[in-house]
Each structure stands twice: as C-alpha cells, then as structure tokens.
Amino acid sequence: MREQKSLRLRNYSHFSAILLTGGMTLSSGGPAQALTADDVLNKMNTDHQTSYVAGVIGGLAYSRFLRDKPDQSGMDCIYRWYYGSGSEKWTQIETWFSRHLEKEAEPLLYVLVKRECGE
C-alpha cells in the first residue's frame, strides 16, 4: 500500500515538473510583442497566416459592430471584403504587407479594411 502511494506521488511529481518547466519556457520569452508584417509573411506557413489574418479581421468586424450597433452594415462590409474577394484579397494583403515589413500587421489590416469599408 505504501509503495503504491509512493509510486503515485512520483508520477505526480514528474507531471508537476513538466508543468513547471513548460511554464518557465512560456514565461521566459520576455515582453509580448506585436507581430509585424514580416513575421506574418516570412515566419508563418499558409495555414497560420490564414488563421491569424482571419482572427484580426474578425476582431475588426466585431469592433465595428459594437461601435455601430444595431447597424451591421460596417461589419458585413468587412466580412464581405475578407471572405468574398478570394485570391484578390490575399494578393492585396501580401502586397501591402511587403511594402511595410517593419510595421505591425494589425494596423496594416485596419488600413485595408478602412479603405474598403470606411471608418
């Protein structure tokens, strides 16, 4: 009985050590920094780029809805621009990002949205 408890505790101690090590690894990266256009274009694969940009677009659209509600036309315009324009949208995003590699990606996307859908 005592051996089983000891073995069980040893198993938990390994788990705790893994959690601690993982936590230290995650927290030792220094201050959080915004992603630049260069990060998105050159450090992410296509799936990550798509997910990241879709997340930013979703945030911009929801923010627009909260500002304009109950009017949804601004939010709808943002979603139409992003989801309705196919490969043209990606060409536009990549071109814009490549011109401003050192700038943060989120404000660059905001500029594109603002051009298409106003403020």
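In case you missed it, the structure is sitting above this.
None of these values were measured; they are calculated from a predicted model.

Undergrad: How should the pattern of salt bridges be read in this particular structure?
TA: Two side chains of opposite charge can pair, provided their charged atoms sit close to one another. One pass over the full model with this rule turns up three salt bridges. The closest approach of N and O atoms between R67 and D68, which form a salt bridge, is 3.1 Å. Each of R64, R67 and D68 takes part in salt bridges that share partners, so that together they form one network.

Undergrad: Honestly, helix α6 (residues 105-117) in this entry has me stumped. Any pointers?
TA: In an α-helix, one full turn covers 3.6 residues, which means residues spaced three or four apart are oriented alike. Here α6 spans 18 Å end to end across 13 residues, near enough to the 18 Å set by a 1.5 Å rise per residue. Among all positions of α6, only A105, L108, L109, L112, V113 and C117 are buried. Summarising the axial view, the buried residues of α6 lie within an arc of 150°, below the 170-degree limit, and thus occupy one face. On its buried face, α6 is in contact with α2 (37-43), α3 (46-68), α4 (73-84) and α5 (86-99). Trailing α6 by a residue or two, G118 shows a phi angle of about 70°, which is positive.

Undergrad: Just to check I follow, could you spell out the side chain of Q49 for this structure?
TA: Mapped onto the fold, Q49 is located in helix α3. Residue Q49 is classed as buried on the basis of its relative accessible area of 10%. At a separation of 2.8 Å, a polar atom in the side chain of Q49 contacts the main-chain carbonyl oxygen of V40. Ignoring anything within four residues of it in the chain, the contact list for Q49 reads V40, L41, M44 and W90.

Undergrad: Sorry, what's going on with the packing of aromatic side chains here?
TA: Both the distance between ring centres and the angle between the ring planes are used here to describe each pair of aromatic rings. Applying the stated criterion across every chain yields a total of five aromatic pairs. Here Y62 and F65 contribute two aromatic rings whose centre-to-centre distance is 6.2 Å and whose plane-to-plane angle is 35°, an arrangement assigned as tilted. With Y62 and F65 both in helix α3, this residue pair falls three residues apart, about one helical turn. Through a chain of ring-to-ring contacts, the aromatic side chains of Y79, W81, Y82, Y83 and W90 assemble into a single cluster. Across from the ring centre of Y82, 4.4 Å away, lies the NZ or CZ of K89, which sits over that ring. For the cation-ring pair, R115 lies above W96, with the distance from its terminal atom to the ring centre recorded as 4.2 Å.

Criteria and thresholds
- Residues numbered from 1 in each chain as written.
- Predicted model: local features only at pLDDT ≥ 70, side-chain atom pairs only at ≥ 80, totals over all residues.
- Heavy atoms only, no water.
- Salt bridge = Lys/Arg side-chain N within 4 Å of Asp/Glu carboxyl O.
- Helix = DSSP H or I, 4+ residues; strand = E, 2+ residues; numbered from the N terminus.
- Expected span 1.5 Å × (residues − 1).
- Buried < 20%, exposed > 50% of the residue type's maximum accessible area, 1.4 Å probe, protein only.
- Arc of directions from axis to C-beta.
- Contact = heavy atoms within 4.5 Å.
- Polar contact = N/O pair within 3.5 Å; in protein donor to acceptor, adjacent residues only side chain to side chain.
- Phe/Tyr/Trp six-rings, centres within 6.5 Å; stacked < 30°, edge-to-face > 60°.
- Lys NZ or Arg CZ within 6 Å of the ring centre and 35° of its normal.

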